[in-house]
Amino acid sequence: MLYDSYKWWQKTVVYQIYPRSFKDSTGNGIGDIKGIIEKLDYLQDLGIETIWFSPFFESPQQDYGYDVSDFRQIEPNYGSMNDFDKLLKEMHNRNLKIVLDLVLNHTSIKHPWFIESASSKDNPKRDWYIWRDGKKPGGRKPPNNWKAIPGSPAWLYYENTDQWVYFHFLPFQPDLNYRNPEVKEEMFDTIRFWLDKGVDGFRLDILHGIYEDESLRDNPITWLLYSEEKAAYNFQYHKYDLNLPETFSFTLELREIMDEYKPERLLVGEVTGSIEELKKYYGPNNNGLNMVFLFEYTSIALKFKPKKISKDISRIEKNLPIPYTPTYVYGNHDRDRYISLLNNNTQKAKLLATMQLTLRGVPYIYYGEEIGMANVKLKLKASKDPIGRKFAKFPYPQLTKLLGIFVSRDVCRTPMQWSGETNAGFSPNKNVEPWLKVSENYKKVNVEKEEKDPRSILNCYKRLLKVREENLTLQIGEFEFINLEKLNKKCIAYRRIHNKQVVYIYLNFSDKEILLKTPKKEPNLIFSTLSNRKALDPKEYNRNLKLTPYEGIIFK
Ligand code: NOJ
């Protein structure tokens with residue numbers, strides 16, 4: 001099947017910036033918008049097209065921007081509205097697309113709406129949040145058994161009105177009530193406010209939690225502590241607080257707003273569930289979100305097991321065939337840095353990058369992945385992330401991690417490593433202590449150094465992005481596995497096809513050299529993870545192709 005016509009967002013590559021950690025322009029140790037503007041040339045040169053910014057709206061920063069206190073203002077820590085306007089202009093001048101992170105699900109407790117709502121039962125904003133009486137008799141227990149993501153009951157008691165308020169994430173992030181039309185209208189206006197300014201799309205934070213069951217039925221219990229695929233965590237299936245039919249319909253309303261604008265705008269949802277469930281976010285006729293993160297399936301790549309990976313790719317292809325757009329994402333501001341899951345093996349990282357950038361779908365690159373930034377070790381007690389501080393109180397915090405739950409997200413949020421100078425060149429002020437300490441490996445892993453080294457991860461990403469840009473087939477072509485029979489246990493191969501052009505991708509997941517039958521007499525090598533790989537010469541190997549350990553190649 002072919003795309004009839006394709007849109008910019010189907011072909012794009014997205015790069016995620018965590019503004020607090022990207023580039024400090026003022027010298028206070030905190031990244032900011034002006035700092036990002038300084039680095040736009042770097043991003044353009046890298047070869048990405050779209051940038052998604054974690055939130056820089058006004059916020060008390062208890063969850064570093066995912067706790068918004070004004071959706072239409074810029075947080076002074078990061079700059080001003082003028083800075084934002086400049087960022088947008090500078091990006092558009094470079095043909096870069098700008099995607100904002102919208103936290104529709106909740107606000108900060110410091111948002112004036114919540115302050116009003118909490119003040120009394122008859123406040124006009126009372127119904128903007130989800131307030132309920134506690135369980136009878138006495139009302140001293142939360143209204144139902146729902147658990148918030150990090151594990152505690154999902155309700156917070158307010159003595160002044162003797163009621164509980166619902167939150168899906170942390171207690172200082174109460175959920176908005178989308179059954180109240182005023183809330184919906186206000187948030188839709190906010191979306192239009194940013195679209196009118198010219199933004200190109202939105203990443204939608206925990207979108208799956210927008211609606212909850214109206215009668216607050218208890219969630220069913222399970223032995224599962226954590227399964228993204230089953231939308232189960234904290235020993236319950238999140239049947240009544242996640243992925244409600246109303247939330248699926250909500251995506252259609254969002255799409256309608258986007259469709260008021262030209263050219264098309266992008267909506268990508270952060271959601272959890274099985275792929276069959278996730279597909280519902282694309283709408284019954286692919287008229288909902290443009291795409292959702294498929295973390296459960298794509299992060300499997302990090303286990304480096306080719307058979308499993310192939311199975312998941314097949315599952316994605318089966319459920320989201322053209323014209324649906326899958327996503328391939330290895331990391332973000334909530335997850336371990338992917339190279340750390342590969343024991344810092346740069347060959348493996350290059351191989352996975354090759355796969356990510358050649359599969360059918362939109363790749364999402366988290367800042368620093370392109371230079372191989374790794375997790376940073378830290379003391380939980382000193383965690384800046386509120387989740388880390390919560391787990392620091394547990395007797396065996398690392399156990400929680402073994403069970404599949406993140407412990408502190410600081411590990412993946414450290415300052416971008418620009419150079420070997422003090423603070424990795426993140427801040428112009430050499431005496432400042434950045435908000436999170438810079439990784440100790442910054443002298444070895446940094447942009448300046450890697451730019452000069454043809455074998456660096458950075459140059460591998462650059463070459464890959466260039467090959468992708470030059471070959472429309474890699475952006476929108478159909479996908480087909482190549483059956484390698486006995487060899488496919490250690491190797492994944494596929495072709496991408498568009499019109500008459502075919503591009504072949506061969507990925508060697510083993511630490512051994514392998515020989516593969518060539519599908520073409522005279523293959524034209526357009527990329528190898530090895531920077532010094534010569535042309536493919538099958539004659540040399542008696543009509544076979546030789547792949548060195550962990551090598552990935554692309555040819556036509
Ligand atoms: C998901 C975001 O990715 C995470 O960083 C944030 O803390 C929660 N949503 C709450 O907004």
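Reading guide: rules and limits
- Residues numbered from 1 in each chain as written.
- Predicted model: local features only at pLDDT ≥ 70, side-chain atom pairs only at ≥ 80, totals over all residues.
- Heavy atoms only, no water.
- Helix = DSSP H or I, 4+ residues; strand = E, 2+ residues; numbered from the N terminus.
- Rg over C-alpha atoms; globule rule 2.2 N^0.38 Å.
- Areas by Shrake-Rupley, 256 points an atom, 1.4 Å probe, with all protein chains shown as cover.
- Pairing = 2+ DSSP bridges.
- Near = heavy atom within 4 Å.
- Polar contact = N/O pair within 3.5 Å; in protein donor to acceptor, adjacent residues only side chain to side chain.
- Nonpolar A, V, L, I, M, F, W, Y, C, P; charged D, E, K, R; others polar.
- Contact = heavy atoms within 4.5 Å.
- Axes fitted to C-alpha atoms, helices over the stretch in contact; angles between N-to-C directions.
- Parallel < 35°, antiparallel > 145°, perpendicular 65-115°, else oblique.
- Left-handed = near helix turned anticlockwise from the far one by under 90°.
- Domains from an automatic or database assignment.
- Salt bridge = Lys/Arg side-chain N within 4 Å of Asp/Glu carboxyl O.
- Buried < 20%, exposed > 50% of the residue type's maximum accessible area, 1.4 Å probe, protein only.
- Core = buried A, V, L, I, M, F, W, Y, C linked by side-chain atoms within 4.5 Å.

## Digging into the overall build of the chain
Along the backbone of the chain there are 17 helices and 23 strands. Relative to a compact globule of 556 residues, whose C-alpha radius of gyration would be 24 Å, the chain shows 24 Å and is just as compact. Principal-axis analysis of the C-alpha atoms places the extent of the chain at approximately 80 × 55 × 50 Å. For the chain, the accessible area works out to roughly 22,900 Å², and carbon and sulfur atoms hold 51% of it.

## Comments concerning the sheet that holds strand β11 (residues 232–233)
With respect to topology, 3 strands assemble into an open sheet ordered β10-β11-β12, the strand pairing being antiparallel. Of all strands in the sheet, those with a lone pairing partner are β10 (226–227) and β12 (236–237), marking the two edges. Inspection of the sheet shows β11 paired to β12 by 2 bridges, in the antiparallel sense. Bridging from a neighbouring strand, Tyr233 pairs with Gln236 of β12.

## Considering the site of the ligand
If you check the shell around the ligand, you find Asp63, Tyr66, His106, Phe169, Gln173, Arg203, Asp205, Glu270, His333, Asp334, Arg409 and Arg413 and nothing else. In the model, an oxygen atom of the ligand is placed 3.2 Å from a nitrogen or oxygen of the Arg203 side chain. Look at the ligand: alone it shows 290 Å² of surface, and the protein chains cover 98% of it. Grouping the constituent residues of the shell around the ligand by class yields 2 nonpolar, 3 polar and 7 charged.

## Focus on the side chain of Thr354
Counting through the fold element by element, Thr354 comes out in helix α12 (residues 346–356). Among the polar contacts made by the side chain of Thr354, one reaches the main-chain carbonyl oxygen of Lys350 at a distance of 2.7 Å. In this structure, Thr354 is in contact with Leu464, Tyr494, Leu507, Phe527, Thr529 and Ile554, ignoring residues within four places of it in sequence.

## Let's talk about the packing of α12 against helix α16 (residues 457–470)
Contact geometry of α12 with α16 gives a least axis separation of 10 Å together with a crossing angle of 15°. Between α12 and α16, the angle falls in the class roughly parallel. With respect to the hand of their crossing, α12 and α16 are arranged in right-handed fashion. Between α12 and α16, the contacting residues are Thr346, Ala349, Lys350, Ala353, Thr354 and Gln356 on the first element and Ile457, Cys460, Tyr461 and Leu464 on the second. Among the residues forming the contact of α12 with α16, the class breakdown is 6 nonpolar, 3 polar and 1 charged.

## Notes on the domain arrangement of the chain
For the chain, the assigned domains read domain 1 (112–166) and domain 2 (478–555). The gap between the C-alpha centroids of domain 1 and domain 2 is 58 Å.

## Considering the pattern of salt bridges
On inspection of all chains with the given rule, the structure shows 34 salt bridges. In this structure, Asp189 engages Arg192 in a salt bridge whose closest nitrogen and oxygen atoms are separated by 3.7 Å. Of this pair, Asp189 and Arg192 are both found in helix α6 (residues 181–197), 3 residues apart, which corresponds to roughly one turn of the helix. For Asp189, a relative accessible area of 34% corresponds to the partly exposed category. Between Arg315 and Glu229 there is a salt bridge, and its shortest N-O distance comes to 2.9 Å.

## So, the pairing of strand β13 (residues 266–269)
Residues of β13 alternate between two faces, with Leu266 and Val268 on one and Leu267 and Gly269 on the opposite face, all of them buried. Bridge count between strand β9 (residues 201–204) and β13: 4 bridges; the pairing is parallel. Residue pairing for β13: Arg203 is matched across the bridge by Val268. Relative to strand β14 (residues 291–292), β13 runs parallel, the two sharing 2 bridges. Across the sheet, Val268 pairs through a bridge with Met291, a residue of β14.

## Focus on the sheet that holds strand β21 (residues 525–528)
A sheet is described by the order of its strands in space; here 5 strands give the open sequence β17-β18-β19-β23-β21, paired in antiparallel fashion. Each of the sheet's edge strands pairs with one partner strand only, and the pair in question is β17 (478–481) and β21. Across the sheet, the axes of successive neighbouring strands diverge by a mean angle of 20°, strand direction being ignored. The sheet contact formed by β17 and strand β18 (residues 491–498) spans 4 bridges and is antiparallel. Its bridge partner being in β18, Phe479 is matched across the sheet by Arg496. Each of β21 and β23 (552–555) is contacted by α16, which is oriented at about 150° to β21, the strand it contacts most.

## Examining the nonpolar core
Ranked by size, the top nonpolar core spans 140 residues in total, and within it Tyr15, Phe202 and Met355 carry the most contacts. No other element matches α16, which puts 7 residues into this core. Residue assignment places this core across two domains, with domain 1 (112–166) and domain 2 (478–555) each supplying three or more. Not counting chain neighbours up to four residues away, the residues in contact with Phe202 comprise Val99, Leu100, Leu102, Ile191, Trp194, Leu195, Met258, Leu266, Leu267 and Val268. Grouped together as the second largest cluster of nonpolar side chains are 14 residues, Ile482, Cys491, Leu525 and Ile553 included.

## Quick look at unusual backbone geometry
Pro137 follows Lys136 through a cis peptide bond whose omega is -10°. Examined against the element boundaries, Pro137 turns out to sit in the loop between β6 (131–132) and β7 (155–158). A cis geometry characterises the amide bond from Ile322 onward to Pro323, with omega recorded as 10°. Relative to the assigned elements, Pro323 resides in the loop between α10 (306–319) and β15 (327–329). One non-glycine residue, Gln61, adopts positive backbone phi at about 65°. Positionally, Gln61 belongs in the loop between β3 (57–58) and β4 (70–74). By relative accessible area, Gln61 is classed as buried at 9%. You will see that Asn243, though not glycine, has its phi angle at about 50°, which is positive. Relative to the assigned elements, Asn243 resides in the loop between β12 and α7 (245–258). A relative accessible area of 8% means that Asn243 is categorised as buried.

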